[in-house]
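# Understanding the architecture of this molecule
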Amino acid sequence: MAAIARLPLTHSLPSKFNPSLFLSQSLSFPTYLHRSPFRSFSSVSPILCSSSSQGDSRSLGSDSNASIVGDLLDYLNESWTQFHATAEAKRQLLAAGFDLLSENEDWKLKPGGRYFFTRNMSCLVAFAVGDKYVPGNGFHAIAAHTDSPCLKLKPKSASSKSGYLMVNVQTYGGGLWHTWFDRDLSVAGRAIVRASDGSFVHRLVKVKRPLLRVPTLAIHLDRTVNSDGFKPNLETQLVPLLATKSDESAAESKEKKASSASKDAHHPLLMQILSDDLDCKVEDIVSLELNICDTQPSCLGGANNEFIFSGRLDNLASSFCALRALIDSCESSESLSTEHDIRMIALFDNEEVGSNSCQGAGAPTMFQAMRRIVSSLGNMQVTECTFDRAIRKSFLVSADMAHGVHPNFADKHEENHRPQLHKGLVIKHNANQRYATSGITSFLFKEVAKLHDLPIQEFVVRNDMGCGSTIGPILASGVGIRTVDCGIAQLSMHSVREICGTDDIDIAYRHFKAFYRSFSSVDRKLSVDD
């Protein structure tokens, strides 16, 4: 997909919430979606959608008080899918001077270099090599994930019910599916398109206008829904409607040249909309991988603009904080001049469904990259134990969103471990190793926070409740890398619309940047197995 320019913005984050401005901008939003060709939503609605351009706040990267919240909103609004999130991260890394590598080619790396690669355009690994690096030194890595619970189109999505064109979907991950009803939805993802020379091109697609809807049943036809609960059948009742049948007939008359396979798989009307967005012929779309997405943009909320209301905070908020921390921790030539280790981020796909995929944390992607890095920087004159020593000296931060205490359901949290919004990163503990945190890794991560005067919180699940997990235990057990699990506190996790605190975004960013810059000095002070 062709690169899209980003205009510099001149406004700043408002210190006070203006209800009249909010309402006027909110009411104008539907027309705005179609008139701006730029990624940033902020040129029309700064309070709703963005507070600053990436360029503006990046210039303040060395200022510990600079906020990245506006840039996060831009990132969220661009990243409707894991593919878009990865593509946007790629764009930002290239703009910051990182070199793109290919896993299919030899790597020629050097100290002081900054590099990255993508896999499946939904997984990304980036790293910066210290100028004083020698083979056997460690990696300081932050890992997160690019996917979120959502609905995905089935391979054959076209169906009809009661005069409507419907789009059959699969549920992906453990979503709060009732929150997807009565939302203005659309589709986004990727397509394989046949080019004029017969080659095949990977393209991203995003239909920004509201296209789909899953309507609820009127209470007059379901009188007990409030007493018995809303329990839709996910196969038969969570099916978005696209149009009425009359529209399909018109589309079919226009699409006589489309292949029968395409017609069988997806509605011709949907295919025409996608081809218009991709600027290609319907018959040239040979493969699709599409998510259902909520069209409402990510925005600031709350009386003091202290909240972020958005989909996909789990876990794009962590991914973005890690990305920006890496970029800004080595933004100048002097940033790596005294660094002996390698700073890294790894953003994986498919965490929400167990990570067992080529692009998930269950694959050896990160550790294969580490081995190749050690080998390349050692000019191939390294032994197996060189990599083993590097892993022993390494440290991984597994960053995934955390459960903030809910004011209406406070009893769902253990009484002494109730993370709050705006109070800093949450270190996650679980005696049964659902999280990879240990007493050692927790201590080291807290020491980094203490050194930079950053707040920290801790979480443990109640004994009478099940505990979720993260990519932390998967990666920690893969090769035995020391790992701490942490996350930004949020509410409404796995809803189509989630909530987190603006302060916590900036705290996480500063904590991750401090980790890159200070962990070595903290780690040297601790002896465990000597």
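Below is a short write-up of the structure. (Residues numbered from 1 in each chain as written. Predicted model: local features only at pLDDT ≥ 70, side-chain atom pairs only at ≥ 80, totals over all residues. Heavy atoms only, no water.)

Once that is clear, we can look at the overall build of the protein. A tally of helices and strands in the protein yields 15 helices and 20 strands. Relative to its full complement of 530 residues, the protein shows a buried share of 54%. Element-wise, carbon and sulfur atoms account for 50% of the exposed surface of the protein, whose accessible area totals about 22,900 Å². (Helix = DSSP H or I, 4+ residues; strand = E, 2+ residues; numbered from the N terminus. Buried < 20%, exposed > 50% of the residue type's maximum accessible area, 1.4 Å probe, protein only. Areas by Shrake-Rupley, 256 points an atom, 1.4 Å probe, with all protein chains shown as cover.)

So, on to the environment of I273. Its place among the elements puts I273 in helix α9 (residues 268-278). Given the relative accessible area of 14%, I273 is considered buried. Taking the C-alpha atoms as reference points, I273 and L211, 62 residues apart in sequence, are found 9.7 Å from one another. Apart from residues lying up to four places away in sequence, I273 is in contact with V207, R209 and L211. (Contact = heavy atoms within 4.5 Å.)

With respect to topology, six strands assemble into an open sheet ordered β8-β7-β10-β5-β6-β9, the strand pairing being antiparallel. The strands lining the two open edges of the sheet, one partner per strand, are β8 (200-206) and β9 (241-244). Between one strand axis and the next, the sheet turns through 30° on average, direction left out of account. The strands that helix α5 (residues 82-95) touches are β5 (150-161), β7 (185-194), β8 and β10 (285-294); relative to β8, the one it contacts most, it runs at about 105°. (Pairing = 2+ DSSP bridges. Axes fitted to C-alpha atoms, helices over the stretch in contact; angles between N-to-C directions.)

Before going further, it helps to examine helix α12 (residues 384-392). Within α12, burial applies to T386, F387, A390 and I391. Along the long axis of α12, the arc covered by the buried residues comes to 135°, so they all point the same way. Lining the buried residues of α12 we find β4 (139-145), α11 (365-377) and α14 (472-479). (Arc of directions from axis to C-beta.)

Our next topic: the nonpolar core. Formed by 56 residues in total, the largest nonpolar core has its most connected members in I142, I308, I345, V397, I505 and F512. No other element matches the ten residues that helix α10 (residues 313-329) contributes to this core. Residues in contact with I308, not counting those within four places in the same chain, are V69, L72, L73, L76, C299, L300, L313, E498, I499, C500, T502 and I505. Judged by nonpolar contacts, the second largest core, of 33 residues, contains V214, L274, L278 and V282. (Core = buried A, V, L, I, M, F, W, Y, C linked by side-chain atoms within 4.5 Å.)

Inspection of the entire model under this criterion finds four cavities of 30 Å³ or more. Approximately 200 Å³ is the volume found for the largest cavity. Its residues placed into classes, the lining of the largest cavity shows eight nonpolar, nine polar and four charged. (1 Å grid on protein atoms, 1.4 Å probe; cavity = no way out; pocket = protein on both sides within 12 Å on 5 of 7 lines; lining within 4 Å. Points joined across faces, edges and corners; volume = space filled by probe spheres on them. Nonpolar A, V, L, I, M, F, W, Y, C, P; charged D, E, K, R; others polar.)

The topology assignment puts L454 in the loop between α13 (439-451) and β17 (456-460). The exposure class of L454 is buried, given its relative accessible area of 11%. L454 sits 30 residues away from G424 along the chain, and the two C-alpha atoms are 7.2 Å apart. The residues touching L454, leaving out its near neighbours within four places in the chain, are A449, R510 and H511.

Pairing geometry for β5 and β10, over two bridges, is antiparallel. Opposite K152, over in β10, you have N291 as the bridge partner.

With respect to the helices and strands, the residue S148 is situated in the loop between β4 and β5. Note on S148: relative accessible area 11%, which makes it buried. A polar contact of 2.7 Å, which involves the side chain of S148, links it to the backbone oxygen of D314. Aside from chain neighbours lying at most four places away, what touches S148 is Y172, R312, D314, N315 and E352. (Polar contact = N/O pair within 3.5 Å; in protein donor to acceptor, adjacent residues only side chain to side chain.)

Which parts of space are left empty comes out when a probe the size of a water molecule is rolled across the atoms. If you add up the space inside the largest pocket, you get close to 790 Å³. Lining the largest pocket are 33 residues, with A402, H403, G468, M493 and H494 positioned closest to its centre. Of all elements in the fold, only β15 (402-403) and β19 (489-491) reach the threshold of two or more residues within the lining of the largest pocket. Among the residues forming the lining of the largest pocket, the class breakdown is 13 nonpolar, 14 polar and six charged.

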